[in-house]
Amino acid sequence: SPDDYFAMQSSYQYLIFSELYQNTALIDSEINNLKSNEIYAMASSLFMIGEFNNVEKYYKLALEKAKLENSDRIIPVILREFGNAYFYDSPMHSVEKGRISYNTSLRNA
């Protein structure tokens, strides 16, 4: 049934997010070997499970890497998601930072 499929998919995604969280030290040691979209995906995944300690760091690293890669198409996406993360009720909550990130994403689109 669709409900069973959704439950299985959600469980699988949670397992992936948990693996990322449990291996952040390994990820940090290999961060220079990752592409901007991979770092962005990690930031988004950690945000989804409520691991806010590294989210801001990874979004910033993803932006830096995207600029070095001249990845103009991913920069607005990272900025939009980074801004979205600031709007949530979390330790990183900042409407001001969220607006800045969103507005910057629109200028880079």
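Now for a look at the structure at hand. (Residues numbered from 1 in each chain as written. Predicted model: local features only at pLDDT ≥ 70, side-chain atom pairs only at ≥ 80, totals over all residues. Heavy atoms only, no water.)

**A look at the environment of serine 101**
Then, in step 1: Residue position: serine 101 is located in helix H6 (residues 95–108).
Then, in step 2: Note on serine 101: relative accessible area 5%, which makes it buried.
Then, in step 3: It is 8.4 Å that separates the C-alpha atoms of serine 101 and asparagine 84, two residues lying 17 residues apart in sequence.
Then, in step 4: Sequence-distant contacts of serine 101, that is, excluding residues within four places in its chain, are made with Leu79, Phe82 and Gly83.
Then, in step 5: Looking at serine 101, its side chain comes within polar contact range of the main-chain nitrogen of glycine 83, at 3.3 Å. (Helix = DSSP H or I, 4+ residues; strand = E, 2+ residues; numbered from the N terminus. Buried < 20%, exposed > 50% of the residue type's maximum accessible area, 1.4 Å probe, protein only. Contact = heavy atoms within 4.5 Å. Polar contact = N/O pair within 3.5 Å; in protein donor to acceptor, adjacent residues only side chain to side chain.)

**A look at helix H5 (residues 75–87)**
Since there are 3.6 residues in each turn of an α-helix, residues three or four apart along the chain are aligned in direction.
Then, in step 1: Spanning 13 residues, H5 covers 19 Å between terminal C-alpha atoms, matching the ideal 18 Å at 1.5 Å per step.
Then, in step 2: Among the residues of H5, those classed as buried are Ile75, Pro76, Ile78, Leu79, Phe82, Gly83, Ala85 and Tyr86.
Then, in step 3: At its buried positions, H5 is contacted by helix H3 (36–48), helix H4 (55–68) and H6. (Expected span 1.5 Å × (residues − 1).)

**A word on the pattern of salt bridges**
Then, in step 1: Inspection of the entire model under this criterion finds 4 salt bridges.
Then, in step 2: Across the pair lysine 60 and glutamate 56 runs a salt bridge, and its minimum N-O distance is 3.9 Å. Linking lysine 60 with glutamate 56, this pair stays in helix H4, spanning 4 residues, or about one helical turn.
Then, in step 3: By relative accessible area, lysine 60 is classed as partly exposed at 41%.
Then, in step 4: Residues lysine 97 and glutamate 56 are paired through a salt bridge, measuring 3.7 Å at the closest nitrogen-oxygen approach. Of this pair, lysine 97 sits in helix H6 while glutamate 56 sits in helix H4, and the two are 41 residues apart along the sequence.
Then, in step 5: Here lysine 97 falls in the partly exposed class, since its relative accessible area comes to 41%. (Salt bridge = Lys/Arg side-chain N within 4 Å of Asp/Glu carboxyl O.)

**Let's talk about the packing of aromatic side chains**
Then, in step 1: Counted by the stated rule, this structure contains 6 aromatic pairs.
Then, in step 2: Their ring planes at 25 degrees and their centres at 4.9 Å tell us that phenylalanine 82 and tyrosine 86 sit as a pair that is stacked. Of the two residues, phenylalanine 82 and tyrosine 86 are both situated in helix H5; the distance of 4 residues between them amounts to about one turn of the helix. (Phe/Tyr/Trp six-rings, centres within 6.5 Å; stacked < 30°, edge-to-face > 60°.)

**Quick word on H4**
Then, in step 1: Under the 1.5 Å per step criterion, the end-to-end length of H4 is 20 Å for 14 residues, consistent within 8% with the ideal 20 Å.
Then, in step 2: Of the surrounding elements, those touching the buried residues of H4 are helix H2 (24–29), H3 and H5.
Then, in step 3: Looking one or two places after H4, you find asparagine 70, whose phi comes out positive at around 55 degrees.

**Here we look at the nonpolar core**
Then, in step 1: By size, the foremost hydrophobic cluster in this structure holds 22 residues, and its most contacted members are Tyr58, Tyr59 and Ile78.
Then, in step 2: Within the residue set of this core, elements represented by two or more residues are H3, H4 and H5.
Then, in step 3: Ignoring any residue separated from it by four or fewer positions in sequence, one finds tyrosine 58 in contact with Thr24, Ile27, Asp28, Ile31, Ile39, Met42, Ala43 and Leu46. (Core = buried A, V, L, I, M, F, W, Y, C linked by side-chain atoms within 4.5 Å.)

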